[in-house]
Amino acid sequence: EAKAQGLGVQVWQPAPDTASATDMLLLAELRGAGERGELRLRYQPQCEAATGRLRGLEALVRWQHPRLGLLSPASFVELAERTDTIVDLTDWVLAEAARQCRAWRDQGLDLEVSVNVSTRVLHGGALVPQLRSVLAEHGLPPSALRLEITETTVLRRPERAALVLGQLRELGVAVSVDDFGTGYTSLAMLSELPLDELKLDARFVSGLLTRPADAAIATSVLELAHRLGLVTVAEGVEDEETAEELRRIGYDTLQGYLFAPPLDPAALPLWLRAREAA
Ligand code: C2E
Ligand code: CA
Ligand code: CA
Ligand code: CA
């Protein structure tokens, strides 16, 4: 463009849809982060709505960056998802979650760990063999791990998703649809896919008591899920009034700051003891 203006100057500008130089650097650093021991998992409790009993935990990744400090997934997961780096990241997460799950089981804590799986990973060919080997390596039953995929992952390539979900069902690893209610999954698709759980998106939880539209969505998602035989989880539960309303509607499992933030695994025994005492 500059040339066309006759200035003879060319300023390099990345196209709006490509990564910035900072992003490129971060992505390059992320590639070896697992091997360098810079990745961490935090675990957020998922509690049975009726009893408060700990059902399982969601593994949420963090990156202890040598210069930038502790990074939340918002600053690197989306970046990783643009390339195969997300595959390596998920490999690390699955292996670490399985190792931790084994350690808890050895301490007598029979917990399920949910792992977030991006579109590229679900649709790539390596997930099922990877899961099989990680379960075998740690002597875990398939029910020890659960995968969270988003609605868009299913929607983008429904046939491919159906194939992989079928293999996961055969393997015995449960699948949860994360951020549910934000996409436009058809009823037909939901009923045909081998799914186990629907996770109502946090936005409907936060508006439950104040926005009638959010309450309507929370209720219809619950009815739909239960008719299809799916377990229901509400995430982002921050206060007791909202938890009470979710219990009244019939949600099976609750997750959010009201119960616990994502915890360092070392803090879990303490959290459990504090709850028993309460
Ligand atoms: P998500 O899967 O929807 O996870 C829920 C997010 O909500 C987490 O943020 C969690 O810390 C936060 N949260 C939990 N309770 C509350 C609450 O009561 N109120 C509010 N306002 N927020 C709450 P986090 O850990 O920053 O993760 C953000 C997103 O990054 C996740 O959203 C997930 O999409 C992605 N992510 C995290 N770990 C992984 C991973 O290992 N692999 C992949 N592919 N994505 C990941
Ligand atoms: Ca999730
Ligand atoms: Ca979610
Ligand atoms: Ca989300």
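Residues numbered from 1 in each chain as written. Chains lettered and ligands numbered in written order. Predicted model: local features only at pLDDT ≥ 70, side-chain atom pairs only at ≥ 80, totals over all residues. Heavy atoms only, no water.

- If you look the chain up in an unreviewed UniProt entry, it shows as Bifunctional diguanylate cyclase/phosphodiesterase from Vallicoccus soli.

**As for the coordination of the calcium ion (ligand 2)**
Thought 1: At 2.2 to 2.3 Å from the calcium ion (ligand 2) lie its protein donor atoms, namely E58 (OE), N116 (OD1), E148 (OE) and D178 (OD).
Thought 2: The sequence pattern describing where the donors of the calcium ion (ligand 2) fall on their chain is E-x57-N-x31-E-x29-D.
Thought 3: In this structure, the calcium ion (ligand 2) lies 4.0 Å from the calcium ion (ligand 3), and both are coordinated by D178. You can see E148 sitting in strand β5 (residues 145–150) and its partner D178 sitting in strand β6 (residues 174–180), a full 30 residues away along the chain. One exposure class covers both E148 and D178, and it is buried. (Donors = N, O, S within 2.8 Å, 3.2 Å for Na, K, Ca; no water. Helix = DSSP H or I, 4+ residues; strand = E, 2+ residues; numbered from the N terminus. Buried < 20%, exposed > 50% of the residue type's maximum accessible area, 1.4 Å probe, protein only.)

**As for the site of ligand 1**
Thought 1: Ligand 1 sits among 20 residues. The nearest are Q44, R62, S118, E238 and Y257.
Thought 2: The separation between a nitrogen atom of ligand 1 and a polar main-chain atom of V61 is 3.1 Å.
Thought 3: Interatomic distance of 3.2 Å between a side-chain N/O atom of N116 and an oxygen atom of ligand 1.
Thought 4: In isolation ligand 1 offers 800 Å² of accessible surface; the protein chains occlude 77% of this area.
Thought 5: At the level of secondary structure, the elements contributing two or more residues to the shell around ligand 1 comprise β2 (54–65), α3 (85–106) and β6.
Thought 6: The element best represented in the shell around ligand 1 is β2, accounting for four residues.
Thought 7: Here the residues of the shell around ligand 1 are counted per class, giving nine nonpolar, five polar and six charged. (Near = heavy atom within 4 Å. Polar contact = N/O pair within 3.5 Å; in protein donor to acceptor, adjacent residues only side chain to side chain. Areas by Shrake-Rupley, 256 points an atom, 1.4 Å probe, with all protein chains shown as cover. Nonpolar A, V, L, I, M, F, W, Y, C, P; charged D, E, K, R; others polar.)

**What about the pattern of salt bridges?**
Thought 1: The tally for this structure, following the rule as stated, stands at 20 salt bridges.
Thought 2: For K199, the salt bridge goes to E148, with nearest N and O atoms at 2.9 Å. With a gap of 51 residues between them, K199 in strand β7 (residues 197–200) and E148 in strand β5 connect regions that are remote in the sequence. Of the two residues, K199 and E148, neither departs from the other in class, the shared state being buried.
Thought 3: As a salt-bridge pair, R169 and D196 come within 3.3 Å of each other at their nearest N and O atoms. (Salt bridge = Lys/Arg side-chain N within 4 Å of Asp/Glu carboxyl O.)

**Quick word on the coordination of the calcium ion (ligand 4)**
Thought 1: For the calcium ion (ligand 4), every protein donor is listed as D179 (OD) and D179 (OD), and the spread of their distances is 2.9 to 3.0 Å.
Thought 2: The metal-metal distance between the calcium ion (ligand 4) and the calcium ion (ligand 3) is 3.8 Å, with D179 serving as a donor to both.

**Side note on unusual backbone geometry**
Thought 1: Of note in this structure, D179 is not a glycine but carries a positive phi near 55°.
Thought 2: Mapped onto the fold, D179 is located in strand β6.
Thought 3: Residue D179 is classed as partly exposed on the basis of its relative accessible area of 25%.

**With respect to helix α1 (residues 21–31)**
Working note: α-helix, 3.6 residues per turn, so residues spaced by three or four point in the same direction.
Thought 1: Taken together, the buried positions of α1 are occupied by L26, L27, E29 and L30. Taken end-on, α1 shows its buried residues confined to a sector of 165°, consistent with a single buried face.
Thought 2: Buried residues belonging to α1 abut β1 (39–48), β2, β3 (69–71), α2 (77–81) and α3. (Arc of directions from axis to C-beta. Contact = heavy atoms within 4.5 Å.)

**Points about the packing of aromatic side chains**
Thought 1: Counted by the stated rule, this structure contains two aromatic pairs.
Thought 2: Ring geometry for Y43 against W104: centres 4.9 Å apart, planes inclined by 75°, an arrangement best described as edge-to-face. Separated by 61 residues along the polypeptide, Y43 in strand β1 and W104 in helix α3 bring together distant segments of the chain.
Thought 3: For Y43, a relative accessible area of 1% puts it in the buried group.
Thought 4: Seen in terms of ring centroids, W63 and F76 are 5.6 Å apart; in terms of plane orientation they differ by 80°. Their pairing is edge-to-face. (Phe/Tyr/Trp six-rings, centres within 6.5 Å; stacked < 30°, edge-to-face > 60°.)

**Some thoughts on the pairing of β7**
Thought 1: On β7, burial covers both faces: E197 and K199 on one face and L198 and L200 on the other are all buried.
Thought 2: Sheet topology places β6 next to β7; three bridges connect them, and they run parallel. By the bridge assignment for β7, V177 is matched with L198.
Thought 3: A crossover connection joins β6 to the parallel β7 through helix α8 (residues 187–192); in handedness this β-α-β unit is right-handed.
Thought 4: Relative to strand β8 (residues 231–234), β7 is paired through four bridges, and the arrangement is parallel. If you follow L198 over to β8, its bridge partner there is T232. (Pairing = 2+ DSSP bridges. Right-handed = clockwise from strand over helix to strand, strands pointing away.)

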